[in-house]
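# Observations on chain architecture
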Amino acid sequence: MGPEASDRTVRRAAREVFRNATRYYADLLHVPRRDVQRFSREQLDLEGTEYLEEAQRSGRGAVLVSAHFGSPEMAVQGLAAAGFRIFALTEPLQPEALSDFIHWLRSCHGHEYRTVNFGALKEAMRRLKHGGLIALMLDRDVGGTGVPMQFCGAETRVPLGAVDLALRTGADLIPAWAWRIDGFRFRARIGPPLEVIRTGDFEKDVRLNAERLLAHFEGHLRAYPGQWAVQEPIWEKHDGRPAARTGAIQ
């Protein structure tokens with residue numbers, strides 16, 4: 001929010017973060033009983049599905065990249081109502097039974113969720129080569145493999161998986177953001193696809209395009225900081241060491 005933000009404004013945004021995180025868990029637990037068609041008609045304002053249709057029609061497939069902002073969970077359920085099926089890669093949770101339960105909740109309306117590992121990445125690449133739709137987040141380095149980048153004026157570690165997959169397969173790289181409105185209504189905007197920069201240096205290109213995506217998200221975050229439901233340290237400590245992870249379900 002920047003040093004110019006007052007303490008009162010920061011506290012208000014922090015309270016909203018916790019409210020939205022609580023709403024997120026409530027939404028997740030109710031996914032199996034939700035009528036996604038009714039939800040899509042009455043609670044979700046969704047734009048940009050034409051970009052997904054084009055990615056599938058062309059055979060390129062698409063990597064949807066988002067953040068734990070607003071409620072991507074509910075936006076994805078709205079995509080189920082529109083006839084899209086997403087293959088999403090998620091962080092590993094312990095115990096394994098908890099991970100399986102969360103995946104079951106999320107997949108009740110036709111999507112598929114897999115914990116990030118070598119086999120899941122191979123499957124993601126296979127699906128992209130057949131015009132599939134893959135979803136990944138960019139704001140939490142759950143695997144500990146992210147690279148340092150500037151984010152809101154401080155250094156954090158950013159995962160590169162979404163950009164890496166898109167560049168390797170030629171899939172469209174499509175940013176998607178969802179906002180929570182008045183508690184339990186939602187707005188979601190998909191695309192347009194990022195015009196990927198290719199210099200011929202693969203590693204450089206992955207980082208460069210990831211930085212562009214992060215800057216895109218930063219604009220939304222600065223405008224609506226209370227929508228970012230990440231309850232763990234993101235920026236590194238002053239001694240340069242990453243802050244401890246909480247293992248929260250995100």
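All values derive from a computational prediction rather than experimental measurement.

Reading guide: rules and limits
- Residues numbered from 1 in each chain as written.
- Predicted model: local features only at pLDDT ≥ 70, side-chain atom pairs only at ≥ 80, totals over all residues.
- Heavy atoms only, no water.
- Patch = residues over 30% accessible without salt bridge, like charges linked within 9 Å, V, L, I, M, F, W, Y side chains within 5 Å.
- Areas by Shrake-Rupley, 256 points an atom, 1.4 Å probe, with all protein chains shown as cover.
- Salt bridge = Lys/Arg side-chain N within 4 Å of Asp/Glu carboxyl O.
- Lys, Arg positive; Asp, Glu negative; His and termini not counted.
- Charge placed at Lys NZ, Arg CZ, Asp CG, Glu CD.
- Helix = DSSP H or I, 4+ residues; strand = E, 2+ residues; numbered from the N terminus.
- Buried < 20%, exposed > 50% of the residue type's maximum accessible area, 1.4 Å probe, protein only.
- Phe/Tyr/Trp six-rings, centres within 6.5 Å; stacked < 30°, edge-to-face > 60°.
- Pairing = 2+ DSSP bridges.
- Axes fitted to C-alpha atoms, helices over the stretch in contact; angles between N-to-C directions.
- Contact = heavy atoms within 4.5 Å.

### Concerning a positive patch on the surface
Together, R8, R11, R12 and R15 make up a region of like positive charge exposed at the surface. Mapped onto the fold, R15 is located in helix α1 (residues 7-30). According to the relative accessible area criterion, R15 is partly exposed, its value standing at 44%.

### Examining the packing of aromatic side chains
By the definition in use, this model includes 12 aromatic pairs. Look at F69 and F217: their rings are 5.6 Å apart centre to centre, the planes differ by 80°, and that puts the pair in the edge-to-face class. Remark: F217 occurs in helix α8 (residues 202-223) and F69 occurs in the loop between β2 (62-66) and α4 (72-81); sequence separation between them is 148 residues. A single burial state applies to F69 and to F217, both of which are buried. Seen in terms of ring centroids, W177 and F217 are 5.4 Å apart; in terms of plane orientation they differ by 20°. Their pairing is stacked.

### Some thoughts on the sheet that holds strand β4 (residues 112-115)
One open sheet holds the seven strands; their spatial order is β1-β9-β8-β2-β5-β3-β4, and the pairing between them is mixed. With partners counted over all chains shown, the strands left at the sheet margins are β1 (44-47) and β4, one partner each. Strand-to-strand, the axes of this sheet are offset by a mean angle of 25°, without reference to chain direction. Inspection of the sheet shows β2 paired to strand β5 (residues 133-137) by five bridges, in the parallel sense. Directly across from L64, in β5, lies its bridge partner A135. Contacts from helix α5 (residues 96-106) reach β3 (87-90) and β4, with the element oriented near 155° to β4.

### A word on the pairing of strand β6 (residues 147-151)
Here five bridges tie β6 to strand β7 (residues 154-158), and the two strands are oriented antiparallel to one another. Of the residues in β7, the one forming a bridge with P148 is R157. Two successive antiparallel strands, β6 and β7, enclose a turn made up of two residues, where C152 displays a positive phi of approximately 55°.

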